[in-house]
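Here are the chains, one letter per residue:
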Amino acid sequence: MGYQTILFDMDGTVLDTLYDLWASTNAVLREMGFPQRTMEEIRSFVGNGARNQLRCALPAGSGDALIDEALARYRPYYAAHCREHTRPYDGILPMLRALDAAGKKLAVVSNKPDAAVKLLSEEHFGALFPVALGETPGLRRKPEPDAIDAALAALGAGRAGAVYVGDSEVDVATAANARLPLIAVSWGFRGRAALEAAGAETVVDTPEELLKLCL
(Lines give C-alpha, C1' and ligand atoms only; values in the text may rest on other atoms or scores of the structure.)
Protein backbone atom coordinates (compact mmCIF):
# COMPACT_ATOMS: atom_id res chain seq x y z
CA MET A 1 0.00 0.00 0.00
CA GLY A 2 2.46 2.65 1.20
CA TYR A 3 1.89 6.25 2.31
CA GLN A 4 4.05 9.35 2.50
CA THR A 5 2.15 11.14 5.28
CA ILE A 6 0.75 9.36 8.33
CA LEU A 7 -1.48 11.21 10.79
CA PHE A 8 -2.11 9.47 14.12
CA ASP A 9 -4.74 9.83 16.78
CA MET A 10 -3.14 9.91 20.27
CA ASP A 11 -5.29 8.27 22.98
CA GLY A 12 -5.70 4.56 22.33
CA THR A 13 -3.60 4.69 19.17
CA VAL A 14 -0.01 5.61 20.08
CA LEU A 15 -0.42 6.18 23.84
CA ASP A 16 -2.26 4.18 26.48
CA THR A 17 -3.71 7.13 28.42
CA LEU A 18 -6.71 5.38 29.94
CA TYR A 19 -5.56 5.15 33.56
CA ASP A 20 -4.69 8.85 33.80
CA LEU A 21 -7.95 9.85 32.10
CA TRP A 22 -9.89 7.65 34.52
CA ALA A 23 -8.05 8.89 37.60
CA SER A 24 -8.35 12.56 36.60
CA THR A 25 -12.05 12.28 35.82
CA ASN A 26 -12.74 10.58 39.14
CA ALA A 27 -10.70 13.20 41.02
CA VAL A 28 -13.02 15.88 39.63
CA LEU A 29 -16.13 13.82 40.40
CA ARG A 30 -14.94 13.37 44.00
CA GLU A 31 -14.27 17.09 44.39
CA MET A 32 -17.80 17.83 43.20
CA GLY A 33 -19.44 15.16 45.37
CA PHE A 34 -20.54 12.84 42.56
CA PRO A 35 -20.22 9.04 42.22
CA GLN A 36 -17.04 7.57 40.73
CA ARG A 37 -16.90 5.96 37.31
CA THR A 38 -15.29 2.64 36.42
CA MET A 39 -12.37 2.45 34.04
CA GLU A 40 -14.55 0.69 31.48
CA GLU A 41 -17.07 3.51 31.66
CA ILE A 42 -14.33 6.07 31.05
CA ARG A 43 -13.07 3.95 28.15
CA SER A 44 -16.46 4.38 26.51
CA PHE A 45 -16.60 8.14 27.25
CA VAL A 46 -13.28 9.26 25.74
CA GLY A 47 -12.53 10.14 22.13
CA ASN A 48 -14.65 13.20 21.48
CA GLY A 49 -12.96 15.80 23.68
CA ALA A 50 -12.74 16.54 27.41
CA ARG A 51 -16.11 18.30 27.57
CA ASN A 52 -17.96 15.32 26.14
CA GLN A 53 -16.00 12.99 28.42
CA LEU A 54 -17.12 14.95 31.48
CA ARG A 55 -20.70 15.31 30.24
CA CYS A 56 -20.87 11.52 30.07
CA ALA A 57 -19.18 11.08 33.47
CA LEU A 58 -21.42 13.51 35.34
CA PRO A 59 -24.90 12.44 36.47
CA ALA A 60 -27.44 12.21 33.67
CA GLY A 61 -29.11 15.51 32.91
CA SER A 62 -26.26 17.71 34.13
CA GLY A 63 -26.57 21.15 32.58
CA ASP A 64 -24.01 23.28 30.81
CA ALA A 65 -23.06 25.22 33.95
CA LEU A 66 -22.16 22.03 35.81
CA ILE A 67 -20.22 20.68 32.83
CA ASP A 68 -18.36 24.00 32.59
CA GLU A 69 -17.42 23.77 36.27
CA ALA A 70 -16.22 20.20 35.88
CA LEU A 71 -14.17 21.12 32.81
CA ALA A 72 -12.57 24.06 34.64
CA ARG A 73 -11.49 21.66 37.40
CA TYR A 74 -10.46 18.88 35.04
CA ARG A 75 -8.13 20.75 32.69
CA PRO A 76 -5.52 21.82 35.29
CA TYR A 77 -5.80 18.52 37.17
CA TYR A 78 -5.24 16.43 34.05
CA ALA A 79 -2.40 18.69 32.90
CA ALA A 80 -0.66 18.06 36.22
CA HIS A 81 -1.30 14.30 36.26
CA CYS A 82 -1.38 13.22 32.61
CA ARG A 83 2.13 11.75 32.74
CA GLU A 84 1.80 9.43 35.72
CA HIS A 85 0.77 6.16 34.06
CA THR A 86 0.58 7.06 30.36
CA ARG A 87 2.97 5.18 28.08
CA PRO A 88 3.32 4.19 24.42
CA TYR A 89 1.78 0.88 23.46
CA ASP A 90 4.28 -1.92 22.90
CA GLY A 91 5.86 -1.67 19.47
CA ILE A 92 4.82 1.93 18.80
CA LEU A 93 8.25 3.53 19.20
CA PRO A 94 10.08 1.07 16.89
CA MET A 95 7.31 1.54 14.31
CA LEU A 96 7.54 5.33 14.43
CA ARG A 97 11.33 5.24 14.24
CA ALA A 98 11.11 3.01 11.17
CA LEU A 99 8.63 5.37 9.50
CA ASP A 100 10.83 8.35 10.33
CA ALA A 101 13.91 6.59 8.94
CA ALA A 102 11.96 5.91 5.73
CA GLY A 103 11.34 9.65 5.32
CA LYS A 104 7.62 9.61 6.12
CA LYS A 105 5.90 12.78 7.35
CA LEU A 106 4.33 12.14 10.76
CA ALA A 107 1.89 14.06 12.96
CA VAL A 108 -0.43 13.39 15.87
CA VAL A 109 -3.93 14.88 15.91
CA SER A 110 -6.07 14.53 19.04
CA ASN A 111 -9.25 15.81 20.67
CA LYS A 112 -7.52 16.07 24.06
CA PRO A 113 -6.39 19.51 25.28
CA ASP A 114 -3.62 20.92 23.09
CA ALA A 115 -1.24 21.54 26.00
CA ALA A 116 -1.46 17.89 27.10
CA VAL A 117 -1.00 16.68 23.51
CA LYS A 118 2.16 18.71 23.06
CA LEU A 119 3.54 17.73 26.49
CA LEU A 120 2.94 14.01 26.01
CA SER A 121 4.16 14.04 22.41
CA GLU A 122 7.43 15.73 23.38
CA GLU A 123 7.98 13.47 26.39
CA HIS A 124 7.30 10.16 24.67
CA PHE A 125 8.13 10.80 21.02
CA GLY A 126 10.46 13.81 20.84
CA ALA A 127 11.14 14.82 17.26
CA LEU A 128 9.25 11.85 15.77
CA PHE A 129 6.11 14.01 15.69
CA PRO A 130 7.15 17.45 14.38
CA VAL A 131 3.45 18.37 14.43
CA ALA A 132 1.25 17.60 17.46
CA LEU A 133 -2.21 19.17 17.59
CA GLY A 134 -4.88 18.95 20.27
CA GLU A 135 -8.15 20.75 20.93
CA THR A 136 -7.51 24.35 19.92
CA PRO A 137 -9.76 27.44 19.73
CA GLY A 138 -10.78 28.06 16.15
CA LEU A 139 -10.50 24.41 15.11
CA ARG A 140 -13.53 22.18 15.33
CA ARG A 141 -12.88 18.89 17.13
CA LYS A 142 -12.71 15.61 15.28
CA PRO A 143 -14.66 14.16 13.55
CA GLU A 144 -14.64 17.50 11.75
CA PRO A 145 -11.59 17.69 9.45
CA ASP A 146 -10.19 21.02 10.70
CA ALA A 147 -7.28 19.62 12.74
CA ILE A 148 -6.40 17.18 9.96
CA ASP A 149 -6.24 20.07 7.50
CA ALA A 150 -4.10 22.08 9.93
CA ALA A 151 -1.69 19.19 10.44
CA LEU A 152 -1.32 18.59 6.72
CA ALA A 153 -0.64 22.29 6.18
CA ALA A 154 1.95 22.33 8.97
CA LEU A 155 3.70 19.33 7.42
CA GLY A 156 3.59 20.90 3.97
CA ALA A 157 1.68 17.87 2.72
CA GLY A 158 -1.47 17.32 0.71
CA ARG A 159 -4.09 14.60 0.89
CA ALA A 160 -2.46 12.57 -1.86
CA GLY A 161 -0.38 9.86 -0.21
CA ALA A 162 -1.76 10.60 3.28
CA VAL A 163 -3.51 8.22 5.69
CA TYR A 164 -5.17 8.62 9.07
CA VAL A 165 -4.66 6.09 11.88
CA GLY A 166 -7.03 5.81 14.84
CA ASP A 167 -8.78 3.51 17.29
CA SER A 168 -12.38 4.72 17.64
CA GLU A 169 -15.65 5.42 15.89
CA VAL A 170 -14.72 9.12 16.01
CA ASP A 171 -11.60 8.31 14.02
CA VAL A 172 -13.57 6.37 11.41
CA ALA A 173 -15.78 9.43 10.91
CA THR A 174 -12.79 11.79 10.96
CA ALA A 175 -11.07 9.97 8.12
CA ALA A 176 -14.28 10.00 6.09
CA ASN A 177 -14.85 13.72 6.68
CA ALA A 178 -11.24 14.51 5.83
CA ARG A 179 -11.43 12.37 2.66
CA LEU A 180 -8.49 10.24 3.77
CA PRO A 181 -8.07 6.48 3.89
CA LEU A 182 -8.20 5.00 7.39
CA ILE A 183 -6.13 2.37 9.11
CA ALA A 184 -7.87 1.45 12.37
CA VAL A 185 -5.98 -0.21 15.24
CA SER A 186 -7.58 -2.89 17.39
CA TRP A 187 -5.36 -2.45 20.46
CA GLY A 188 -6.94 0.82 21.59
CA PHE A 189 -10.07 1.83 23.48
CA ARG A 190 -12.74 0.26 21.25
CA GLY A 191 -11.54 -2.99 19.65
CA ARG A 192 -11.97 -4.61 16.24
CA ALA A 193 -15.70 -5.38 16.45
CA ALA A 194 -16.68 -1.79 17.26
CA LEU A 195 -14.40 -0.41 14.55
CA GLU A 196 -15.75 -2.73 11.88
CA ALA A 197 -19.31 -1.95 12.97
CA ALA A 198 -18.50 1.75 12.51
CA GLY A 199 -17.34 1.10 8.95
CA ALA A 200 -13.58 0.60 9.25
CA GLU A 201 -12.44 -1.49 6.30
CA THR A 202 -8.77 -1.88 7.30
CA VAL A 203 -8.07 -2.90 10.90
CA VAL A 204 -4.62 -3.95 12.14
CA ASP A 205 -3.78 -5.83 15.32
CA THR A 206 -0.12 -4.90 15.81
CA PRO A 207 2.18 -1.92 15.14
CA GLU A 208 4.27 -4.24 12.95
CA GLU A 209 1.27 -4.85 10.71
CA LEU A 210 0.62 -1.11 10.58
CA LEU A 211 4.24 -0.46 9.61
CA LYS A 212 4.03 -2.86 6.68
CA LEU A 213 0.92 -1.16 5.34
CA CYS A 214 2.45 2.32 5.67
CA LEU A 215 5.72 1.36 4.00
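Right, let's walk through the structure included here.

Turning to the overall build of the chain, a few remarks are in order. Secondary structure assignment for the chain yields 10 helices and eight strands. Compactness check: the chain gives a C-alpha radius of gyration of 17 Å against a globular reference of 17 Å for 215 residues, within 12% of the reference. Within the chain, contacts between residues at least 6 apart in sequence are counted, and of these 64% link residues at least 24 apart. Surface accessibility of the chain: about 9100 Å² in total, with carbon and sulfur atoms responsible for 53%. If you average the places of the 22 positive and of the 28 negative side-chain charges in the chain, the two averages end up 2 Å apart.

Further remarks concern the packing of aromatic side chains. Counting across every chain of the model gives four aromatic pairs. With centroids separated by 5.7 Å and ring planes inclined at 65°, the aromatic side chains of Phe-8 and Phe-129 adopt a geometry described as edge-to-face. Here the residue Phe-8 occupies a position in strand S1 (residues 5-8), and Phe-129 occupies one in the loop between helix H6 (114-125) and strand S5 (131-135), the gap between them amounting to 121 residues. Phe-129 sits in the buried class, given a relative accessible area of 4%. Plain terms: the ring middles of Tyr-74 and Tyr-78 are 5.6 Å apart, the flat faces sit at 5° to each other, and that makes the pair stacked. One end of the pair, Tyr-74, and the other, Tyr-78, are both in helix H4 (residues 64-81), four residues apart, so they sit about a helical turn from each other.

Now for the sheet that holds S5. Pairing is parallel across the open sheet formed by six strands, whose spatial order is S5-S4-S1-S6-S7-S8. The strands lining the two open edges of the sheet, one partner per strand, are S5 and strand S8 (203-204). Here strand S6 (residues 162-166) pairs with strand S7 (residues 182-185) via three bridges, running parallel. Counterpart to Tyr-164 in the pairing with S7 is Leu-182.

Tracing the backbone through its elements, the reader meets Thr-86 in the loop between H4 and strand S3 (87-88). Of the residues examined, Thr-86 reaches a relative accessible area of 5% and is grouped as buried. Only 2.9 Å separates the side chain of Thr-86 from the side chain of Asp-20, close enough to count as a polar contact. Contacts of Thr-86, omitting those with residues within four sequence positions, involve Leu-15, Asp-16, Thr-17, Asp-20, Leu-120 and His-124.

Another point: the pattern of salt bridges. Under the counting rule described, the total for this entry stands at 20 salt bridges. Two residues, Arg-87 and Asp-90, come together in a salt bridge whose shortest N-O distance is 3.9 Å. With a relative accessible area of 41%, Arg-87 lands in the partly exposed category. Here Asp-171 and Lys-142 are joined by a salt bridge, their closest N and O atoms 3.4 Å apart. Of the two residues, Asp-171 is situated in helix H8 (residues 169-177) and Lys-142 in the loop between S5 and helix H7 (146-155); the sequence distance between them amounts to 29 residues.

Turning next to the nonpolar core. The biggest cluster of nonpolar side chains holds 48 residues, and the ones touching the most others in it are Ile-6, Phe-8, Leu-96 and Leu-210. It is H4 that provides the largest number of residues to this core, a total of five residues.

Definitions and limits used
Residues numbered from 1 in each chain as written. Predicted model: local features only at pLDDT ≥ 70, side-chain atom pairs only at ≥ 80, totals over all residues. Heavy atoms only, no water. Helix = DSSP H or I, 4+ residues; strand = E, 2+ residues; numbered from the N terminus. Rg over C-alpha atoms; globule rule 2.2 N^0.38 Å. Contact = heavy atoms within 4.5 Å. Areas by Shrake-Rupley, 256 points an atom, 1.4 Å probe, with all protein chains shown as cover. Lys, Arg positive; Asp, Glu negative; His and termini not counted. Charge placed at Lys NZ, Arg CZ, Asp CG, Glu CD. Phe/Tyr/Trp six-rings, centres within 6.5 Å; stacked < 30°, edge-to-face > 60°. Buried < 20%, exposed > 50% of the residue type's maximum accessible area, 1.4 Å probe, protein only. Pairing = 2+ DSSP bridges. Polar contact = N/O pair within 3.5 Å; in protein donor to acceptor, adjacent residues only side chain to side chain. Salt bridge = Lys/Arg side-chain N within 4 Å of Asp/Glu carboxyl O. Core = buried A, V, L, I, M, F, W, Y, C linked by side-chain atoms within 4.5 Å.

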